[in-house]
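Breakdown of the fold
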Amino acid sequence: MWAQFLVVCGVLTLNSLISIEGCTQIEIMAPTGELVVANADERSDDVTGKGLFASVTARGGQHGGHSANCMTFTNKYGFIFGTSEEGLSIHEHTLDLAVFQSADPSHPSLCQEDLTSWVLGMHATVAEVVAGLQTVRVVGSGGAQYGVQDASGASIVIEFVKGELRIHNNSVGSDNSGIGVMTNDPTWDWHLQNVNNYVSLQPTWLSSNNEGIKRRVPNESFYPWATNAYDKDPPSIPEPIGHGYNLGSLPGDGSPPARFIRSFFLRGYALRNAPPKDLNATLILGQELLNSVYKTLGTISGKTATDLETTPISTIKVLSATTRWVFTRSRTDLQWRKIDISRLNFAQPGKEVEIAGGSFGFTDITDQLL
């Protein structure tokens, strides 16, 4: 096997053996105009993120040809960490039901393994990617889908279902009114329909839900409440006795449908009730949403005793006409590391940098107390 650059859930790494386990992608438009793309890389083959590297892929490099029947190409744009110098970004996600296209003599074949490099190296915008996909046939053994964003805020989901190309508009828009969420199996359109099953969730205090059926509790000594929990009225039922009941029935497991629902509603409620005022607050919201889908090692079981999924790497990308940043953190060290893509030289290959720490990360502030 020869080593190749793969974009796996937003992580660009020099590794030919990495398997794609699954991902969660959440998009938020900052009030200052930057698209923030938060992505959780979920896998079982590398539980720390240690040993994953990023380095510049320069313009003019020869790529493609993963198999003898697949096209090669010379990339026009340089890229690193799943993001190009033009501000185009791609994340590869598991889609086990994916079936790629069949070869067609009238179109060049693009190997599935070369798709991410082709997207980043040959296109500057989402619109160019959509047009380019009409000119090739993507062939391979399946198992993946792709989220693509650009510096304008445009976003799509690329899927191959029963041998046919499907492209979905996942843009959030300037007012965050779009979908902006992506996980894994089943297909993206199935997840949209599934959101309707959680229509009972709500973003506000739910005491008023049952105004018409509330009943006074008999004045008996056994009942522990002297008043309702959040007012001074005599006790009645049903009444909330704590915070968080508006999220009742929100799924908490690690499955793709649960992660999609959790990300969709938490993102939506946060934007409704506490919209970020600037880019910094948007980044914090992206971080919080990533925390909500984090997989603790040992809790997500697999087919074998050692096939235990976790979240070894998370990324946040910031894309606009003037800003191209990538932040990354690991399971062991939650301190974010930043790459400012606009400062890199894509005319030639650059240094290789490890993107994750392998030890528990902390800052000792004891000296400040002495």
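Residues numbered from 1 in each chain as written. Predicted model: local features only at pLDDT ≥ 70, side-chain atom pairs only at ≥ 80, totals over all residues. Heavy atoms only, no water.

The next thing to look at is helix α4 (residues 256-273). Between its first and last C-alpha atoms α4 spans 26 Å; for 18 residues at 1.5 Å apiece the expected length is 26 Å, and the two agree. Looking at α4, one finds that the buried residues are P256, A258, R259, F260, I261, R262, S263, F265, R267, Y269 and L271. (Helix = DSSP H or I, 4+ residues; strand = E, 2+ residues; numbered from the N terminus. Expected span 1.5 Å × (residues − 1). Buried < 20%, exposed > 50% of the residue type's maximum accessible area, 1.4 Å probe, protein only.)

Inspection of the entire model under this criterion finds one disulfide. The disulfide bridge from C70 ends at C111, spanning 2.0 Å between sulfur atoms. Taking the sign of the S-S torsion, about 85 degrees here, the bridge from C70 to C111 comes out right-handed. Separated by 41 residues along the polypeptide, C70 in the loop between β6 (62-64) and β7 (72-74) and C111 in strand β11 (residues 109-111) bring together distant segments of the chain. Judged by relative accessible area, which is 4%, C111 ranks as buried. (Disulfide = S-S within 2.5 Å.)

The next point concerns helix α2 (residues 126-133). Helical geometry: 3.6 residues make up each α-helical turn, so side chains three or four residues apart lie on a common side. Regarding α2, the residues found buried are V126, V129, G132 and L133. Buried residues of α2, seen end-on, are gathered within an arc of 120 degrees and therefore sit on one face of the element. Turning to α2, the residues buried within the fold contact α1 (115-122), β12 (137-139), β13 (143-149), β14 (155-161) and β15 (164-169). (Arc of directions from axis to C-beta. Contact = heavy atoms within 4.5 Å.)

Our next topic: the packing of α4 against helix α5 (residues 279-292). Following both chains from N to C, one finds α4 and α5 inclined at 150 degrees, their axes separated by 10 Å at the closest point. Taken together, the axes of α4 and α5 lie roughly antiparallel to each other. The chirality of how α4 crosses α5 is right-handed. Where α4 approaches α5, its residues R262, L266, R267, A270 and L271 are matched on the opposing element by L285, L289 and S292. (Axes fitted to C-alpha atoms, helices over the stretch in contact; angles between N-to-C directions. Parallel < 35°, antiparallel > 145°, perpendicular 65-115°, else oblique. Left-handed = near helix turned anticlockwise from the far one by under 90°.)

In this section: the packing of aromatic side chains. In this description, a pair of aromatic rings is defined by centroid distance and the angle of the planes. A complete count under the given rule lists seven aromatic pairs for this structure. On the numbers, 6.2 Å between centres and 25 degrees between planes, the contact of F360 with F362 is stacked. You can call F362 exposed: its relative accessible area is 63%. Members of the aromatic cluster, each reached through a chain of ring pairs, are F264, F265 and Y269. The ring of W325 is capped by K338, whose NZ or CZ atom sits 3.9 Å from the centre of that ring. (Phe/Tyr/Trp six-rings, centres within 6.5 Å; stacked < 30°, edge-to-face > 60°. Lys NZ or Arg CZ within 6 Å of the ring centre and 35° of its normal.)

Of all seven residues in β14, seven are buried; the element is thus mostly enclosed. Here four bridges tie β13 to β14, and the two strands are oriented antiparallel to one another. Of the residues in β14, the one forming a bridge with V148 is I156. What sits between the antiparallel neighbours β13 and β14 is a turn of five residues, in which G153 has the positive phi angle 100 degrees. The pairing of β14 with β15 spans six bridges and is classified as antiparallel. Its bridge partner being in β15, V157 is matched across the sheet by H168. Hairpin connection, β14 to β15: the antiparallel pair is bridged by two residues, and K162 has positive phi, about 50 degrees. (Pairing = 2+ DSSP bridges.)

Within the largest apolar cluster, 22 residues are counted, with the highest numbers of intra-cluster contacts made by L115, W118 and V148. For this core, the secondary-structure elements that each account for two or more residues are α1, α2, β13 and β14. The element that contributes the greatest number of residues to this core is α1, accounting for four residues. The residues touching L115, leaving out its near neighbours within four places in the chain, are L110, L133, V138, Y146 and F160. (Core = buried A, V, L, I, M, F, W, Y, C linked by side-chain atoms within 4.5 Å.)

Time to look at the side chain of T83. With respect to the helices and strands, T83 occurs in strand β9 (residues 83-84). In this view, T83 contacts L88, S89, L120, K317, L319, V326 and I341; residues no more than four positions away in its chain are not counted.

For the pair α1 and α2, interaxial distance at closest approach is 10 Å and the crossing angle is 125 degrees. In terms of orientation, α1 lies oblique with respect to α2. Here the hand of the crossing between α1 and α2 comes out right-handed. Across the interface between the two elements, L115, W118, V119 and M122 of α1 pack against E128, V129, G132 and L133 of α2. Along the lines of polarity and charge, the residues of the contact of α1 with α2 split into six nonpolar, one polar and one charged. (Nonpolar A, V, L, I, M, F, W, Y, C, P; charged D, E, K, R; others polar.)

A few words now on the environment of G358. Note on placement: G358 falls in the segment after β22 (352-354). For the pair G358 and S330, spaced 28 residues apart in the sequence, the C-alpha separation amounts to 8.0 Å. Apart from the residues within four sequence positions on either side, G358 is in contact with K50 and T332.

Geometric values such as these leave the question of function open.
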